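Summary of structural features
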Amino acid sequence: MPGPTRGSAISQISSSTPLLGSRSVGAGAMDQGSICHCRIEAKRSRITTARHRGRCNMSVRLAKPNLWKLLCGASLSSMLCASPALAQDAPDDQEQQASSEQTTQAAASDGNTIIVTGSRIAGVAPVGAIVTTLGRDEIESAGQVTLDRMIKELPQVFDIGFSDNSRAQNAGNGNATWSNSINLRGLGPFATLILLDGHRMTTNGRAISPSVIPTLGVERVEVIADGTSAIYGSDAVAGVVNLIPRRNLNGVEAFARLGSTGNGDFWEWNAGLALGKTFDRGQVMVAYEHAFRSNLNGADRDFNTSDLTPWGGPDYRVNQCSPGTLIYGGTTYALPDQYTGGPLQAGTKNVCDPLADQDLFPEQKYDSVNGTATFEVFSGVELLFDGYYNRRDFKRIANTITATFTVPETNAFFVAPPFYTPGSGGYQIAYNFADESPTDPYRGYQTNWQVTPGLRASLFGDWKFEGKFGYGKAEDRAGNTQGLNTAGLNAALASSNPATAFDPYGGGRTTDATIATIFNGEGTFPLNAKFTTWQGGVNGTLLALPGGDVKLAVGYEGQDFSQTLNSGLPTENTHSRQVNSGYAEAHVPIFGPENAIAGFQDLELTAAVRYDDYSDVGNTTNPKFGINWVPFDGLKLRGSYGTSFRAPTFPEIFGNSSRLYVQNHQNPTGGAAIPVFKIGSGPNPDLGPETATTWTVGADITPVSGLTVNLTYFNIAYENTIAGLLSNLSILTYADEYAGTDVILFGKAAYDRIVDIRDNGIAGTGPISVFPIAGASTACLDAPLPDYSNCVYADGRSLNLGRSQMTGIDFNAQYIAYVGDMDTLTFFVNGTYLIDYDVAFTPGGDFVSLKNKIYNPLTFKARGGVAWDRGPFNLRATFQHVGGYTNDIVNPTEKVKSYDLIDLAGSWNIADTLDLGLDRLLLGIEVRNLFDTDPPYVNSRQGQNSGGGYDPTVTNPIGREFAVSLRTSF
């Protein structure tokens, strides 16, 4: 009989990747009879399972001798099952039920409990909320090289902000190393807290990527999409992602996977090894993994282009080409390949796409290792340890360098066209340095490590103490060394010596030495961070009620974080922050198995509160309340209410740069790009924390055996939201919303502000240099029009500007059907439907709807599929749907079509077919994006930090990918 492999009796309510079915843990008590879990106990070689108040009936369709292999084998070494039960009774259920009862009693006598994300109380799941769990089986079958990419496929996650697909949205300017993080609900990458085994991780001060932990070293990933600052403190506004490391591996596991597009323009591979040993008094585990993901160049995808006319859109190509475009007296003239004199056609220009050949995402290499250890010093006292190290290297081919510069008559190669008036100061040429600039990819690395030893001790009764101390460091390095040196270019243009002059006419007469002086500009973003955390808490039973035991958890947590920006440079500066926090949480069961009555099979309440005192941004107190009510078997009603907050990061307060940038921005009318002067990302010493109020109501329904449905309504009111506008190239679309503020200025007001910042700086920085990007025009300063209409300014610093209101519904459903004696079919779907997303751009501004608008949370996202298990074979088909939405960065607005993908995958456990002496030898085959579907057309301009013609925040530019994998354990 088949056991619960992929798509079987284990709850897989939400499917989040083509090979991934996640599980939702029902909210409620999880004491000795509450959590369906299994663990290897080396001393007695048995399995301990427990039932969720008699309702978590883990029916398995396997002969008794195979139970250990089924439940605690290498393919699934830890399980969390939703309540109520999802499994159907099987032909062997009487024998299996007896076995389950015996192991349940063993578990009860053993007294082991676990802590689930969203609660500090051992054995209690977060009341009023759902925890989505991605277990070992789902992690293995996900078809992704890193954990962050697995989690991102959940419909509740939006790829906006910290992403290697695009840095052009809010918070993207801080992502100097093209990292990935998790953005639940689309509220921002800093509004989701990422934990390791319930404690904070070392970060670079911006956001952390789950990819720092190897996939082989993780037992499961728990995601709770609900505000939990009352439990964990800052950042847990949209929710929490908790990475649970492995502590029950007893043997060796290894795997390798290779994936590629059909023509090989993208490929990826990863491989890893994990070693673990469990013994009478504890365990030890270490896992290592290497992953490689190639770049994808924009030239390999025809939908990535500035010329959108084939789709009925505009032509965003520019006149900065090679050969260039001469500009004199406001008239343009297209230059030939080599210009030595003669007539030029007025009103003509050369057009090209200098951004077409940049990478859509960079090449990435990962080396990750993590380890865990547990040792019982003597009865009731255990030493704990977890630690990790990660290095990620990246390399990105950037756009070709462009500029619009003035060629004076002193230039050694100066050519005077027939229309030129001698002594008039020369003329401009819009130019592309593709033939001169060296190949200089933007590259760098990021390292992150932390060690966290701890102590767990039994006190009295069931009260326990647990304390941990963590210490770690992070390092970022990114930049290039052969960028355009504007001073060197201007000197070469003015030189009358052919040996030191620049030739802009295509004659190839510029010497190598001169080119070297023009392209020696360095851009570097070094950062170092150090993190120390210490925490201690106790939890246990306070008193007994007829409905069950009242449990309490109280504790303290401290943090000390320092960050050094521009490490090793003359502008190096270090900032530090200390945090002291105290928390308390109570769980009160009003009705339970012992006193259940009609209409109240179960009723439980939780209340939590946390106080956080920050050394730099003040203090805050945040409560949370939850309720579960089971009126009858098959229906659970739940709700939660709480407040959350997010402290601003150092890069948000102090910024990465105080330059005065000039960059071309999307024109809301669809015309030519508009150059906008923007002050860099800092400093802003007045920046304060964000705050939120969240509440949810939901239901968990089991209408028939094998079918489970979860529905959750969520409401998030977010205030003092921090907007970082430096990388937002569509900001002019919302210019009206900033009316009456100094955020966006036009005309004379913009000119005065630009000149004041250039000459005097901001917040005491002193004079600030002007830094054009990609040849953006500086005419506002160099040649302002009489009415200053060519002047636009935007404040690119992080600002407490806005408010938002979001409501929506999460849904999960799963149905398991047994077909005959050998086959199991599992149908699953999950998704998010957004009801409202209203935003006020200023504290006193009116709310406007951004629901279903480009680069914002979308109305509907869903994933689903079907899995078929037959003995050692498994086949899965899944779909991904992103509903159509509105592109409002152009005027008039345009509709973007929906995006739908189909994926197929299959696996064969060869070790179940052939006697190879292995516990498992699993061969997997995948076809992702089966029909090679392109992203839908979007009228968007390419930028240095993202592609154009499509939306990189909701689509995947890779296309159809084939992959094969091999995984073994012994």
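Everything below is about the structure shown above.
Residues numbered from 1 in each chain as written. Predicted model: local features only at pLDDT ≥ 70, side-chain atom pairs only at ≥ 80, totals over all residues. Heavy atoms only, no water.

1. As for the packing of aromatic side chains
- Per the counting criterion, the structure on display carries 33 aromatic pairs.
- Ring geometry for Phe 303 against Tyr 950: centres 5.2 Å apart, planes inclined by 75°, an arrangement best described as edge-to-face. Placement of the pair is Phe 303 in the loop between β13 (296–297) and β14 (325–328) and Tyr 950 in the loop between β45 (920–928) and β46 (961–969), with a sequence separation of 647 residues. The burial state of Phe 303 is the same as that of Tyr 950; both residues are buried.
- Ring centres 5.8 Å apart and planes at 85° place the aromatic pair Tyr 431 and Phe 502 in the edge-to-face group. Separated by 71 residues along the polypeptide, Tyr 431 in strand β20 (residues 427–432) and Phe 502 in the loop between α6 (486–494) and α7 (512–518) bring together distant segments of the chain. As far as burial versus exposure is concerned, Tyr 431 and Phe 502 are alike and both buried.
- Cluster of aromatic residues (ring-pair linked, three or more members): Tyr 328, Tyr 333, Phe 414, Phe 419, Tyr 420 and Tyr 427.
- Over the aromatic face of Phe 361 sits the side chain of Arg 293, whose NZ or CZ is 4.5 Å from the ring centroid.
- Seen from the ring of Phe 255, Arg 967 lies directly overhead, with NZ or CZ sitting 4.5 Å from the centre. (Phe/Tyr/Trp six-rings, centres within 6.5 Å; stacked < 30°, edge-to-face > 60°. Helix = DSSP H or I, 4+ residues; strand = E, 2+ residues; numbered from the N terminus. Buried < 20%, exposed > 50% of the residue type's maximum accessible area, 1.4 Å probe, protein only. Lys NZ or Arg CZ within 6 Å of the ring centre and 35° of its normal.)

2. A look at the environment of Gln 535
- Checked against the element boundaries, Gln 535 lands in strand β24 (residues 527–545).
- It is 6.6 Å that separates the C-alpha atoms of Gln 535 and Phe 469, two residues lying 66 residues apart in sequence.
- Setting aside residues up to four positions removed in sequence, Gln 535 forms contacts with Arg 120, His 199, Glu 466, Gly 467, Lys 468, Tyr 556 and Glu 557. (Contact = heavy atoms within 4.5 Å.)

3. Remarks on the sheet that holds strand β15 (residues 331–334)
- Overall, antiparallel pairing links the 4 strands, which are arranged β15-β14-β20-β19 in an open sheet. Unpaired on one side and paired on the other, β15 and β19 (402–407) mark the two borders of the sheet. Put simply, the sheet's adjacent strands are angled 25° from each other on average, direction ignored.
- Relative to β20, β19 runs antiparallel, the two being bridged by 6 bridges. If you follow Phe 405 over to β20, its bridge partner there is Ile 429. (Pairing = 2+ DSSP bridges. Axes fitted to C-alpha atoms, helices over the stretch in contact; angles between N-to-C directions.)

4. A closer look at a nonpolar patch on the surface
- A cluster of nonpolar side chains, namely Phe 279, Val 284, Phe 375, Val 377, Phe 378, Leu 383 and Leu 455, defines an oily patch on the protein surface of about 550 Å² accessible area.
- Sorting elements by how many residues they give to the nonpolar patch places strand β17 (residues 363–378) first, with 3 residues.
- Within the secondary structure layout, Phe 378 lies in strand β17. (Patch = residues over 30% accessible without salt bridge, like charges linked within 9 Å, V, L, I, M, F, W, Y side chains within 5 Å. Areas by Shrake-Rupley, 256 points an atom, 1.4 Å probe, with all protein chains shown as cover. Salt bridge = Lys/Arg side-chain N within 4 Å of Asp/Glu carboxyl O.)

5. Description of the side chain of Asp 476
- Residue position: Asp 476 is located in strand β22 (residues 464–483).
- For Asp 476, the side chain forms a polar contact with the side chain of Gln 446, separated by 3.1 Å.
- Apart from the residues within four sequence positions on either side, Asp 476 is in contact with Thr 177, Asn 204, Arg 206, Tyr 445, Gln 446, Phe 525, Pro 526 and Leu 527. (Polar contact = N/O pair within 3.5 Å; in protein donor to acceptor, adjacent residues only side chain to side chain.)

6. Notes on unusual backbone geometry
- Note the cis peptide between Ser 322 and Pro 323, where omega equals 5°.
- Here Pro 323 is to be found in the loop between β13 and β14.
- At the junction of Asn 891 and Pro 892, the peptide bond is cis and its omega measures out at 5° in the coordinates.
- Tracing the sequence through the fold places Pro 892 in the loop between β42 (885–887) and β43 (894–896).
- With a phi close to 85°, Asp 235 is a non-glycine residue in the positive phi region.
- Tracing the backbone through its elements, the reader meets Asp 235 in the loop between α5 (229–232) and β9 (239–245).
- Although it is not a glycine, Asn 720 sits at a positive phi angle of roughly 55°.

7. Observations concerning the pattern of salt bridges
- Throughout the structure, instances matching the rule amount to 42 salt bridges.
- A salt bridge links Arg 206 to Asp 476, with the shortest nitrogen-to-oxygen separation between them at 3.9 Å. Taken together, the residues span a long stretch of sequence, with Arg 206 in the loop between β7 (199–200) and β8 (218–224) and Asp 476 in strand β22 at a distance of 270 residues.
- Overall, Asp 476 belongs to the buried group, its relative accessible area being 3%.
- For Asp 393, the salt bridge identified is with Arg 391, shortest N-O distance 2.9 Å.
- With a relative accessible area of 24%, Asp 393 lands in the partly exposed category.

8. Let's talk about the state of the cysteines
- Scanning all chains against the criterion turns up 2 disulfides.
- Disulfide pairing is shown between Cys 321 and Cys 352; the S-S distance is 2.2 Å. Handedness here is read from the sign of the S-S torsion; for Cys 321 and Cys 352, about -105°, the answer is left-handed. Taken together, the residues Cys 321 in the loop between β13 and β14 and Cys 352 in the loop between β15 and β16 (359–361) connect sequence positions 31 residues apart. (Disulfide = S-S within 2.5 Å.)

9. Considerations on the sheet that holds strand β36 (residues 792–795)
- Reading across from one edge, β34-β36-β31-β30-β35 is the order of the 5 strands in this open sheet, with mixed pairing throughout. Either end of the sheet is taken by a strand with one partner, and the two such strands are β34 (744–746) and β35 (770–772). For this sheet, the mean inter-axis angle between neighbouring strands, taken without regard to orientation, is 25°.
- Looking at chain direction, strand β30 (residues 660–665) and strand β31 (residues 674–679) are connected through 6 bridges and run antiparallel. Opposite Val 662, over in β31, you have Phe 677 as the bridge partner.

10. A short note on helix α9 (residues 747–760)
- Here α9 is 14 residues long and its end C-alpha atoms lie 20 Å apart, about the 20 Å a rise of 1.5 Å per residue gives.
- Looking at α9, one finds that the buried residues are Gly 747, Ala 750, Ile 754, Val 755 and Ile 757. For α9, the buried positions fall inside an angular range of 165° around the axis, keeping them on one side.
- Buried residues along α9 sit against β30, β31, β34, α10 (779–782) and β36.
- Where α9 ends, the next residue or the one after it, Gly 761, has phi of about 80°, a positive value. (Expected span 1.5 Å × (residues − 1). Arc of directions from axis to C-beta.)

11. Some thoughts on the environment of Lys 551
- Within the secondary structure layout, Lys 551 lies in strand β25 (residues 548–565).
- On the accessibility criterion, Lys 551 (11% relative accessible area) is buried.
- A C-alpha to C-alpha distance of 5.2 Å links Lys 551 and His 587, two positions 36 residues apart in sequence.

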